[in-house]
Each structure stands twice: as structure tokens, then as C-alpha cells.
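Reading the structure
So the chains spell out like this:
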Amino acid sequence: MVQYSQARFDASFAALSDATRRGVLEQLGRADASITDLAEKFHMTLTGMKKHVGVLEQAGLVTTEKVGRVRTCKLGLRRLDEEAAWIERYRQLWDARFDELDKVVEELKRKEKVDGRKKRK
Amino acid sequence: MDARRESEPTPMKNRTTVERKSERELVVTRTFNGPARIVFEAWTKPELFKRWWVPKSMGMTLLSCEMDVRVGGKYRLQFGHGDSQSAFFGTYREVAPHSRLVWTNEESDDGAVTTVTFEEKGGKTLLVLHELYPSKEALDAAGTGAADAMGETFAQLDELLVTLGASAGRP
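Residues numbered from 1 in each chain as written. Chains lettered and ligands numbered in written order. Predicted model: local features only at pLDDT ≥ 70, side-chain atom pairs only at ≥ 80, totals over all residues.

Details of the nonpolar core
In this structure, Trp-94, Leu-101 and Val-105 of chain A together with Val-39 and Ala-42 of chain B are the most contacted members of the largest nonpolar core, which totals 31 residues. Listing elements by their share of this core, those giving two or more residues are α5 (79–120) of chain A together with β2 (25–32), α2 (36–44), α3 (46–52), β4 (74–81) and β6 (100–104) of chain B. With ten residues, the top contributor of residues to this core is α5 of chain A. Filtering out sequence-adjacent residues up to four positions away, Trp-94 of chain A remains in contact with Thr-16, Val-18 and Val-28 of chain B. Listed in part, the 14 residues of the second largest apolar core include Val-24, Leu-25, Leu-61 and Leu-75 of chain A. (Core = buried A, V, L, I, M, F, W, Y, C linked by C-beta atoms within 7 Å. Buried ≥ 20, exposed ≤ 12 C-beta atoms within 10 Å, placed from the backbone. Helix = DSSP H or I, 4+ residues; strand = E, 2+ residues; numbered from the N terminus. Contact = placed C-beta atoms within 7 Å.)

Laid out in C-alpha cells, this is it:
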């Protein structure tokens, strides 16, 4: 998988450490929104929300675009990454299963060997 | 014991791959360090099957496992997670010892037809699991279900990694 730089990691964790910012991400997961919308939804001043969005933007979790006087925020997620993550989760499930199956196979192999020796005696 | 040592060089962990072949198909592959008859046995004997099908990280327990492995035979797996229970059941359509298994999944209309083939080469077995879903939506939902099965924490961490990945990939 992709290598993440430590600075990015720190920025992202810092961004996610705040409940409002997590709420904003959740909200943007449902639909894009302007800073004004977000400020209203989270009962916050425009300046306060701008600060939060700034932190999320810095961490690359959110992108913003200004059209006229309105700044619209959206998640920094791309479709391709979602698909890749979906497959990766599925892979992890099977990988966990197959690690256990490895153990069963090893045990059966051992048993076969022991049984084989007994028969030869 | 000596015999044990010689038959057991440190087992290498083989890689599991998953590929979405089409909108309705998913293919999982993995090599096992043992002959096909052994791997097949682990898929068809309930007492062996239940030892690996539900790894701890899934956050569920397998309460019961019945498998009547023959063409037209049924299987039924009963799971427990927290206070709730769920079942996974269906019918074996093809059973070719040591080489091929096909079963249906019948809890809903969205169930897949699963084909597992076991191909032995030099004492190792290449396993290919192919799932065919009735629709793209059914496959999408199954993937989400698998994610849920891996536990919420795990899914959350993954989501975080994707988010980070998305940001890392941006110019």
C-alpha cells in the first residue's frame, strides 16, 4: 500500500482528534456543504467553522472551492480509493481465515506423517 | 522430534489476493503448503472447517456448523455476535474430491454461487475461490458486510488509511 509520511499522519490524527471535525467529515460524507451550512449545523460562528475546515484541509481530509462568495467543502476522498479499500478489507478477511487454515493444513500434514510411520511399522 | 523438524521448514506465509473480475464476480487466490487432499479435507469436514472459517478478528463465534458435502447436500453455519445470531446456509452443487467444490448461498436472493478449485503442484495447493453474485449491488453489499465482520475498529482504521491515502496521492 501507499507509504504515508509521518507529517501527514500527525496532521490527520490531530485533525481527527476533535469531535466537531469528525462530525464535519461525517456530514461531508453525506453531501458537500458550504462553510455557512456547516457553521449552522454545528451551532458555531463562521470564524470557528473556518478554523476547523482549515485544519481538515491542511490534513488533506477536506478540499474547498470558492465559487462567487460561497466556499464549498467536500471530502478529500476519491472513488478509486474507496474501491481499493473495499477490496483490501475483503482481502484481510480472507487472509485472516487462510492464516488459520494454514495451521489446520500443517497439523493434518504432521498427522499424515505420523500415521504413515505407524503403518510402516 | 526429528521427523517433525525435517518436515517443517519455517512455514512461509503465502499471499492472499482478491480481484474484482467483473461487476458481479470476485476472485480470491491463495497457495497452501500442503497437498490438495489435505486442503480439501479442511474445507469439507465440519470439525476442521470451523477451526478456521471464523478467525478471532471477525468478532463473531461459530455456534454450529453442519455440512453434508455431496451434490444436493446442505450446509448451515450458525454465528453469534454479541447478543444476536445469524445463519449462513445453502446447497452443494458440485463436489469433486480434492479438486472442486461449488455451493450456493440461500439466506437471501442476493446470495452468491461460490466455486472453489484446488490445484496441486509440487506438494502445494493453489486455491482459487470464485464468487458470482446475482447483481453488482449484491456484491457491493457483501463487501460492506465483510468489512463490518472484521470489526468496527478495523473498518475505522481502514477508512482512516484510505483518507490518508487519498490525501497522499493528491498533488
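Some words on the sheet that holds strand β1 (residues 17–22) of chain B
Residues and elements named next belong to chain B. If you walk across this open sheet you meet the eight strands as β1-β2-β8-β7-β6-β5-β4-β3, and the pairing is antiparallel. Each of the sheet's edge strands pairs with one partner strand only, and the pair in question is β1 and β3 (61–67). Each strand axis lies, on average, 20° off the axis of its neighbour in the sheet, ignoring direction. Relative to strand β5 (residues 84–96), β4 is paired through eight bridges, and the arrangement is antiparallel. Within the sheet, the bridge partner assigned to Lys-74 lies in β5 and is Thr-91. (Pairing = 2+ DSSP bridges. Axes fitted to C-alpha atoms, helices over the stretch in contact; angles between N-to-C directions.)

A closer look at the environment of Ala-141 of chain B
All names here are of chain B. With respect to the helices, strands and loops of the structure, Ala-141 is situated in helix α4 (residues 136–149). On the neighbour-count criterion, Ala-141 (14 C-beta atoms within 10 Å) is partly exposed. Distance in space between the C-alpha atoms of Ala-141 and Asp-110 is 8.9 Å, their sequence separation being 31 residues.

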